[in-house]
Amino acid sequence: MSDVQKKTDVILIGAGIMSATLGSLLKELAPEWKIKVFEKLGNPGEESSNEWNNAGTGHSALCELNYTPEKPDGSIDISKAIRINERFQLSRQFWTHLVNGHLIQRPQRFIMPLPHMSFVQGEKNVVFLKKRFKALSKNPLFQGMEFTDSPEKLKEWIPLIMEGRTSDEPIAATKIDSGTDVNFGALTRLLFDHLKGKNVAVHYKHQVNDIKRLNNGLWEVKVHDLANGKLEYHTAKFVFIGGGGGSLPLLQKTGIPESKHIGGFPVSGLFMVCRNPEVVRRHHAKVYGKAKVGAPPMSVPHLDTRYIGGKRTLLFGPFAGFSPKFLKTGSILDLIRSIKLNNIFTMLAAGAKNVPLTKYLIQQVMLSKEKRVGALREFVPNAKSEDWDIVVAGQRVQVIKDTDTGGRGTLQFGTEVVTSADGSIAALLGASPGASTAVYVMLDVLEKCFPQQMKSWEPKIKEMIPSYGVPLVENPELIQEIHTSTAKTLGIN
């Protein structure tokens, strides 16, 4: 391959939902740009984006209680819930644009309508849920939310959860029918099929080993072709590192100042899955509970209907665990190798601050299947062990950094984009709500990395995503218009 052939405009590392979304946006905004994708596995969407590796909730804060914390004065802070809901609406609009333009087809392959519910037990939690409901239901983004603490009503909503429940402890739930189940693995595959049709060069079984800045300002990416063992060198004006848990080691290799003093804390997970059709048919919702004290936010227990491979299944979990790997297909040395001179004190501080979390993760690792079934029975009292199998979920790497508010070694539980000062390279770190807000996150990348082009791109962005740059919460009519149009196109009425 000649040096000319190895040059390109954009290199995307990792064939997950983030690279798929960024590539799709760029092909709409700058169709003449040449894009290459490198993925070390044999197919797209095999790690964090895979349908078995995430909850597929279509995170829009309709049911996730950790997005609406209670303030010291007892009121409910819904600001994060509003932000996340608005960001998910951007994703719905972009997917609608792709379907309307026949760029991807048959949206039911990746998105299905499904009620989102919050379920709590105990008087204190019922009071919290009622306050949360009152705060959210006044907001146009959460229109249609219902609340009940009536056991009879709950039997209609969640028969599987109510069946066999003997405790007289107060219980309550909220329900909103506009929720969705999103198969991000299927969506990722559809988007990469679309990109290949737009002459994007997608290289599977190609592992990126190094990234460095050349004297001419281009980024050189060292790639190992795993199929034939050869090393290749590709250059680009812009590089996006979207390799899930594998992003941090590659970001560190760039040497940019913004990569310093950042660490990663890997968290693994397990789900219990039920394929018994008699059990599956008795539950049709995503039902989120409250995390136990000391548990990380990504361990909020939930019982989910999922549509995977055209079949309905039930998933319960996740059960947190610890693995030093940064990817399911990673190395047990990933965590050790990520410790550098510039982040060792950040990492040590995080370790000291998070002893209770570490103990919790160790306890979770040690759980037997029966102990996990016991946790399931808090949701589904009549659950039978033989109906449920254990599947290993995706590996998450939470960002550790020094912050003004949290101090040195603060563990972050969100999604974070790190960009160089000149915007020529960007990396995505972190986890939830991740995939659901992929369009918002990639628009953020475009704004940070292509400020000169954004003015000319803005009309096209607004054509694809009508609410871009508009606070939806202040525009109830636009919310209704978007909800109606996206629901019709995506088949989620």
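Everything numeric here is computed off the predicted structure, so don't read it as measured data.

What counts and what doesn't
- Residues numbered from 1 in each chain as written.
- Predicted model: local features only at pLDDT ≥ 70, side-chain atom pairs only at ≥ 80, totals over all residues.
- Heavy atoms only, no water.
- Helix = DSSP H or I, 4+ residues; strand = E, 2+ residues; numbered from the N terminus.
- Expected span 1.5 Å × (residues − 1).
- Buried < 20%, exposed > 50% of the residue type's maximum accessible area, 1.4 Å probe, protein only.
- Phe/Tyr/Trp six-rings, centres within 6.5 Å; stacked < 30°, edge-to-face > 60°.
- Lys NZ or Arg CZ within 6 Å of the ring centre and 35° of its normal.
- Salt bridge = Lys/Arg side-chain N within 4 Å of Asp/Glu carboxyl O.
- Contact = heavy atoms within 4.5 Å.
- Polar contact = N/O pair within 3.5 Å; in protein donor to acceptor, adjacent residues only side chain to side chain.

Trainee: Which parts of the structure should I look at to understand helix α2 (residues 17–29)?
Mentor: Since the α-helix turns once every 3.6 residues, residues separated by three or four places project in the same direction. Its 13 residues place the ends of α2 18 Å apart at the C-alpha level, agreeing with the 18 Å of an ideal helix rising 1.5 Å per residue. Most of α2 sits inside the fold, with 13 of its 13 residues counted as buried.

Trainee: What am I meant to see in the packing of aromatic side chains here?
Mentor: Think of a pair of aromatic rings as described by two things: how far the centres are apart, and how the planes are tilted against each other in angle. All told, the structure shown has 11 aromatic pairs when counted by the stated rule. Seen in terms of ring centroids, Trp95 and Phe110 are 5.6 Å apart; in terms of plane orientation they differ by 85 degrees. Their pairing is edge-to-face. Taken together, the residues Trp95 in helix α3 (residues 79–100) and Phe110 in the loop between α3 and β3 (111–113) connect sequence positions 15 residues apart. These aromatic residues form a ring-pair network of at least three members: Trp33, Phe238, Phe450 and Trp457. Taking NZ or CZ as reference, Lys290 lies 4.3 Å from the ring centre of Phe128, over its face. The ring of Phe319 carries the charged tip of Arg372 above its face, separated from the ring centre by 5.6 Å.

Trainee: Which parts of the structure should I look at to understand the pattern of salt bridges?
Mentor: Side chains that differ in sign of charge can pair as their charged atoms come close. Inspection of every chain in the model, using the stated rule, returns 19 salt bridges. Note that Glu70 is salt-bridged to Lys131, the shortest N-O span being 2.6 Å. Here Glu70 is found in the loop between β2 (35–39) and α3, whereas its partner Lys131 is found in helix α4 (residues 123–137), with 61 residues between them in sequence. The exposure class of Glu70 is partly exposed, given its relative accessible area of 41%. Salt-bridge contacts for Lys462 lead to Glu458; the nearest nitrogen and oxygen are separated by 3.5 Å. Within this pair, Lys462 and its partner Glu458 are both found in helix α15 (residues 451–464), separated by 4 residues, close to a single helical turn.

Trainee: Could you clarify how one ought to interpret the side chain of Asn85 in this entry?
Mentor: Assignment of secondary structure puts Asn85 in helix α3. Residues contacting Asn85, with those up to four places away along its chain left out, are Ser60, Leu62, Leu141 and Phe142.

Trainee: Whenever I open this one, the side chain of Ser49 confuses me. Can you help?
Mentor: Tracing the backbone shows Ser49 in the loop between β2 and α3. You can call Ser49 buried: its relative accessible area is 9%. Polar contacts involving the side chain of Ser49 include one to the main-chain amide nitrogen of Ile17, which spans 2.9 Å. Excluding its chain neighbours within four sequence positions, the residues that come into contact with Ser49 are Gly16, Ile17, Asn54, Phe184, Gly185 and Thr188.

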